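Residue-level listing of the chains:
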Amino acid sequence: MDNIDRISDLPHLILHHIMSFLSFKQVIQTSLLSKQWQRAWHSFPILEFDRAVFPPNLRFYRHRVIDIDEDTVIEEGEAEGKEKLFKLLSYMEETLHNRHRQMISVKKFTLQLFESRLKVAE
Amino acid sequence: MAIMYALKSSDNEIFEVEQKVIEQSETIKKMIEDGAATGEIPLQVSSKTLAKVLEWCKQRQHKTVENENDDNKGKRKKERDEDDDIKEWENKFSDELKADKDVLFDLLLASNYLDLPALLSFLCQLVADMVAGKMPEEIRRMFNIENDFTPEEEKAITAEHGWAFQP
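What counts, and at which threshold
- Along each chain, numbering runs from 1 in the same order as the chain's sequence is written.
- A letter from A marks each chain and a number from 1 marks each ligand, given out in the order of writing.
- It should be noted that, the model being predicted, local features are given only for residues of pLDDT at least 70 and side-chain atom pairs only at 80 or more, the latter also being counted only at that level, while totals for whole chains, interfaces and linings use all residues.
- To obtain the side-chain values, all non-hydrogen atoms of the structure were included, while hydrogens and water were left out.
- Going along the chain from the N terminus, every DSSP run of H or I of four or more residues is numbered as a helix, and every run of E of two or more is numbered as a strand.
- Type-normalised accessible area, obtained with a 1.4 Å probe on protein chains alone, sets the label of each residue: buried when under 20%, exposed when over 50%, and partly exposed for intermediate values.
- We call two residues in contact whenever any of their non-hydrogen atoms come within 4.5 Å of each other.
- Using a 1.4 Å probe, the Shrake-Rupley method yields the accessible areas, and only the shown protein chains count as cover for residues.
- When two components associate, each loses some accessible surface as probed by a 1.4 Å sphere; the sum of these losses over both components is called the buried area.
- By definition, a salt bridge exists where a carboxyl oxygen of Asp or Glu is found within 4 Å of a side-chain nitrogen of Lys or Arg.
- Under this definition, polar contacts are N or O atom pairs within 3.5 Å; protein pairs additionally need one hydrogen-donor-capable and one acceptor-capable atom, and for neighbouring residues in sequence, both atoms have to be side-chain atoms.
- Residues were grouped as follows: Ala, Val, Leu, Ile, Met, Phe, Trp, Tyr, Cys and Pro as nonpolar; Asp, Glu, Lys and Arg as charged; and all remaining residues, including Gly, as polar.
- Values of pLDDT, the confidence the predictor places in each residue, fall between 0 and 100.
- Strand pairing is assigned whenever DSSP detects at least two bridges linking the two strands.
- Convention adopted: a line fitted to C-alpha atoms gives each axis, helices being fitted over their contacting stretch, and angles between N-to-C directions are expressed from 0 to 180 degrees.

**Notes on the overall build of chain B**
The number of helices and strands found in chain B is 8 helices and 3 strands. In chain B, the succession of α and β elements from N to C terminus is β-β-α-α-β-α-α-α-α-α-α. Looking at chain B residue by residue over its 167 residues, the buried ones come to 39%. Here the contacts in chain B between residues at least 6 apart in sequence split such that 61% fall between residues at least 24 apart. Accessible surface for chain B amounts to roughly 9,700 Å². Of this, 49% is attributable to carbon and sulfur atoms.

In structure tokens:
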């Protein structure tokens, strides 16, 4: 076996095809492999923000935040949950903006927050 | 008599193939329909890769023909047996490719160039299965991917995507 990187030389279309068989979380992880893979992720048209991205345990936070009034003390765990949720939401927003800027038509977009499920296909 | 075509690999080897087998390739099918395929059909694919491509196409062709000839009687059991045979064949084919990744990537590019969607999908799934559940460092090692990020860039990406690495 020689030491040539063959996989990164594949056209983006083929890389995207490979990525389409991976979980969305792992697709995002591939962007850390190299610059070529980062570029492939930036043009990947399937965005699935599902339960794996928004874990159901964040739901606990959501119910508490609705009840929050001035007297309610946010416990440490909940504050972390809030931070995590906002981080994820802004990440999703940035990802969508990014595709929009590049004028990439998104083939599939999934948003699953807690028990709800919104699916938009183009 | 089956119509035969002669395919010429990039290293000038000739492969005699039945039209039905090779027409699975949309690229070659178009060449035949356009009348561009008289005599030898030159392809930008090495003989080693082309042999693998044809191995795949013949297996697929075999499968289609048998299904067409089936009558309903005893079909179920036969189909089951055939499915097992195909699975076994595919597993062997996959194992060979996993052992020689050069062939795997040559085949990926060839399936794209020859427009063989079933083979392309099969190979992409195979690579995805090899990658699934592995951390970036393992994947880099498996495919000799060079990490060309500076430590600063890597830090920024980890900060951005960090959540994706949490269980």
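That was the structure; now back to the text.
**A word on the overall build of chain A**
In terms of helices and strands, chain A carries 5 helices and 3 strands. Across the 122 residues of chain A, 43% fall into the buried class. Within chain A, residue pairs in contact and separated by at least 24 positions form 62% of the contacts whose partners lie at least 6 positions apart. For chain A, the accessible surface area stands at approximately 7,200 Å², while carbon and sulfur atoms represent 54% of it.

**So, the interface of chain A and chain B**
Listed as interface residues are 31 residues of chain A and, on the opposing side, 39 residues of chain B. Between chain A and chain B, a total of about 3,400 Å² is buried, with carbon and sulfur atoms accounting for 65% of that surface. Ranking the residues of chain A by area buried against chain B places Arg6, Leu32 and Leu33 of chain A at the top, with a combined share of 22%. Here Asp106 of chain B makes a salt bridge to Arg6 of chain A, at a shortest N to O gap of 2.7 Å. The interface formed by chain A and chain B includes 9 residue pairs in polar contact (both at pLDDT 80 or more). At the level of elements, α1 (12-19), α2 (24-30), α3 (35-42) and α5 (76-101) of chain A are the ones that each hand at least two residues to the side of chain A that touches chain B. Split into classes, the residues belonging to the side of chain A that touches chain B amount to 17 nonpolar, 8 polar and 6 charged.

**Let's talk about unusual backbone geometry**
Despite not being glycine, Met103 of chain A has its phi angle at roughly 55 degrees, a positive value. With respect to the secondary-structure elements, Met103 of chain A resides in the loop between α5 and β2 (108-111). Taking the relative accessible area as the measure of exposure, Met103 of chain A reaches 75% and is therefore exposed. Even without a glycine there, the phi angle at Asn12 of chain B is positive, about 65 degrees. By relative accessible area, which is 54% here, Asn12 of chain B ends up exposed.

**Considerations on the confidence of the model for chain A**
Keep in mind that low pLDDT regions are not for reading the predicted coordinates in detail. Residue and element names in this part refer to chain A. Per-residue pLDDT for chain A averages 78, and the proportion of residues at 70 or more is 70%. Across chain A, the secondary-structure element scoring lowest on mean pLDDT is helix α4 (residues 58-67), at 48, and the one scoring highest is α1, at 96. Low pLDDT, under 50, characterises residues 60-68; the stretch is placed with 10 contacts to residues that sit more than four places away or in other chains.

**Some words on the side chain of Thr49 of chain B**
Residue and element names in this part refer to chain B. By secondary structure assignment, the location of Thr49 is in helix α3 (residues 47-69). Taking the relative accessible area as the measure of exposure, Thr49 reaches 5% and is therefore buried. Within polar-contact distance, the side chain of Thr49 engages the side chain of Ser46 at 2.8 Å. Thr49 has contacts with Asp106, Leu107 and Ala110, leaving out every residue within four places of it along the chain.

**Things to note about the environment of Ala40 of chain A**
Residue and element names in this part refer to chain A. Positionally, Ala40 belongs in helix α3. Spatially, the C-alpha atoms of Ala40 and Leu13 are 8.6 Å apart, while their sequence positions differ by 27 residues. If near-sequence neighbours (up to four positions away) are discounted, Ala40 is found in contact with His12, Leu15, His16 and Met19.

**So, the sheet that holds strand β3 (residues 40-42) of chain B**
Pairing between sheet strands relies on hydrogen bonds along the backbone, with the strands arranged either parallel or antiparallel. Residue and element names in this part refer to chain B. Judged by pairing direction, the sheet is mixed, and its 3 strands sit side by side in the order β2-β1-β3 without closing on themselves. Here the strands that pair on one side only, and so sit at the sheet edges, are β2 (14-18) and β3. Within the sheet, the average angular offset between the axes of one strand and its neighbour, ignoring direction, is 35 degrees. Note that strand β1 (residues 4-8) and β2 share 5 bridges and pair antiparallel.

**Focus on the confidence of the model for chain B**
Overall, the predicted model of chain B reaches an average pLDDT of 87, with 87% of residues at or above 70. In the predicted assembly, ipTM is 0.85 and pTM is 0.82.

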